[in-house]
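Fold and geometry: a report
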Amino acid sequence: MGKFRIFGAVAALSLTVGMAHADCGISSGNISVLANDFPALHAVVSTAESCAGDGITFNKNHTAKHNEISVAALSADPAEYTSKIVANSSIVPLLNKDLIRPLDDLVAKHGQSLKPNQLIRIDGKVMAVAFMANAQHLFVRQDILDQIGMPAPTTWEEVLATAKAIREAGIMEYPFAALFKSDWNLGEEFVNMYVGHGGKFFEPGTAKPAINNETGIATLNMLKALTEYTNPDFLTYNTSTVAPLWESGEIAIAQLWGSTGGQLLDDEGSTPEVVAATVPLAAPTVAGGNTPASTLWWDGFTIAKNISDEDAEATFIAMVHGISDDMVRANNDSAVWLMDAYVPGKAAEGVAATAAAGAEPYPMLPFMGLMHQALFQELPDFLQGNETAEQALADIEAAYVTAATEQGFLK
């Protein structure tokens, strides 16, 4: 698989477009795209939408709940969406349920612009077309670091020391923020930190959980320590919450997706002073390890299985147009694009540095989603001080075992 993800909700739109359109070579068909809700994906889907001339119906739904609804939506016959934009982890449930189609024929017919590293192959078949890479990493305010006379942190222990110094200097009471919202985001924070500690989620070659140990306790304790320097509302913090806090100058250190870099470094919604002082860094290491406490992701598009061949072909053509070089040139700093037209800029430095430092890909295992869900469901009680690390890990393990047993991964 490929190495490289990212990250309000918007009500589904349904319209037949009749404005200026790209000549994409399609004149009929229904195209409907389900995707996460952040600027890079808006750019891709909006560019794909420009293919929708007379005779084409184009629907799009950008929502943070995209993964919650995708299996049911694509299980319908016909599927509610002709394309689902996926990443390392979110493609797995669709594969498990046989809800997306192989793309080899469409790639041969309409994919001449695609590069080999964009073709995500499962058992030899192209099942997705990747268009961007992502990872979570640090952003810091250099002007604040200069005020306290400290260098940019390279470890999570240094992040804690820096946040403490900022607080003690009276600059900010809550200088740090991360994506701790009690949903998928919180599970990902554990995944990143656990990987940084050298942890393995499962016993080798099995679906048996392997997080209830000293490494799991160390991971939880570091996450808890970080929450001491973030706003007490941290369990509501996702990208759409934290990015505006950064732009308004309310925080000085943040762990965010690299795909947020373009937003933080543009001239909209912030001040020249904050933008000039914003520095993307590699994800920190932790506990003396050498592996960044982060995971590498790719985002790409799939085509639903339960749709007509005509709609599948129209959707593929539109989505290939959506990831065209023209789209990249118009949105260069919105993501770390995989297409040739991409010119890496400052916004890409954090992802590039994190990858170069040896960050591991997010585990692409059929049962990893169940572990991820158990993590974010059980972590809030610990982070709010309602239970011990040991109890939290026992709860996570029990929740995972129940789900994995129900789905046949454990006996």
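In what follows, the accompanying structure is described. (Residues numbered from 1 in each chain as written. Predicted model: local features only at pLDDT ≥ 70, side-chain atom pairs only at ≥ 80, totals over all residues. Heavy atoms only, no water.)

Focus: the overall build of the chain
When helices and strands are counted, the chain shows 16 helices and 13 strands. The C-alpha radius of gyration of the chain comes to 21 Å, within 12% of the 22 Å expected for a compact globule of 411 residues. Across its three principal axes, the chain shows a C-alpha extent of roughly 65 × 55 × 35 Å. Here the chain, with 411 residues, has 55% of them falling under the buried criterion. Carbon together with sulfur atoms contributes 51% to the accessible area of the chain, which is approximately 16300 Å² in total. In the chain, which carries 22 positive and 48 negative side-chain charges, the distance between the mean positions of the two groups comes to 6 Å. (Helix = DSSP H or I, 4+ residues; strand = E, 2+ residues; numbered from the N terminus. Rg over C-alpha atoms; globule rule 2.2 N^0.38 Å. Buried < 20%, exposed > 50% of the residue type's maximum accessible area, 1.4 Å probe, protein only. Areas by Shrake-Rupley, 256 points an atom, 1.4 Å probe, with all protein chains shown as cover. Lys, Arg positive; Asp, Glu negative; His and termini not counted. Charge placed at Lys NZ, Arg CZ, Asp CG, Glu CD.)

Focus: the pairing of strand 7 (residues 136-141)
In regular strands, side chains alternate between the two faces of the sheet. In terms of residue burial, strand 7 counts as a mostly covered element, since 6 of its 6 residues are buried. In this structure, strand 7 lies alongside strand 9 (residues 253-257), joined through 5 bridges in antiparallel fashion. Paired with phenylalanine 139 across the two strands is alanine 254, which belongs to strand 9. As defined by bridge partners, strand 7 adjoins strand 10 (residues 278-280) across 3 bridges and the pair is classed as antiparallel. Considered in strand 10, the bridge of phenylalanine 139 is made with proline 280. (Pairing = 2+ DSSP bridges.)

Examining the state of the cysteines
Tallied over the full model, the rule gives 1 disulfide. With its sulfur 1.9 Å from that of its partner, cysteine 24 forms a disulfide with cysteine 51. Taking the sign of the S-S torsion, -80° for the link of cysteine 24 and cysteine 51, the bridge is left-handed. A residue pair is termed long-range when its members are at least 10 positions apart, and cysteine 24 in the loop between strand 1 (13-15) and strand 2 (29-35) and cysteine 51 in the loop between helix 1 (39-49) and strand 3 (56-62) qualify at 27 residues. Each member of the pair, cysteine 24 as well as cysteine 51, is classed as buried. (Disulfide = S-S within 2.5 Å.)

Details of the side chain of arginine 101
Relative to the helices and strands, arginine 101 resides in the loop between helix 3 (91-96) and helix 4 (104-110). Overall, arginine 101 belongs to the buried group, its relative accessible area being 14%. Of note is the side chain of arginine 101, whose polar atom sits 3.0 Å from the backbone oxygen of alanine 304. Separated by 3.0 Å, the side chain of arginine 101 and the backbone oxygen of lysine 305 make a polar contact. Every residue in contact with arginine 101, bar those within four places of it in the chain, is listed here: Val126, Met127, Ile303, Ala304, Lys305, Ile307, Ser308, Asp309 and Ala312. (Polar contact = N/O pair within 3.5 Å; in protein donor to acceptor, adjacent residues only side chain to side chain. Contact = heavy atoms within 4.5 Å.)

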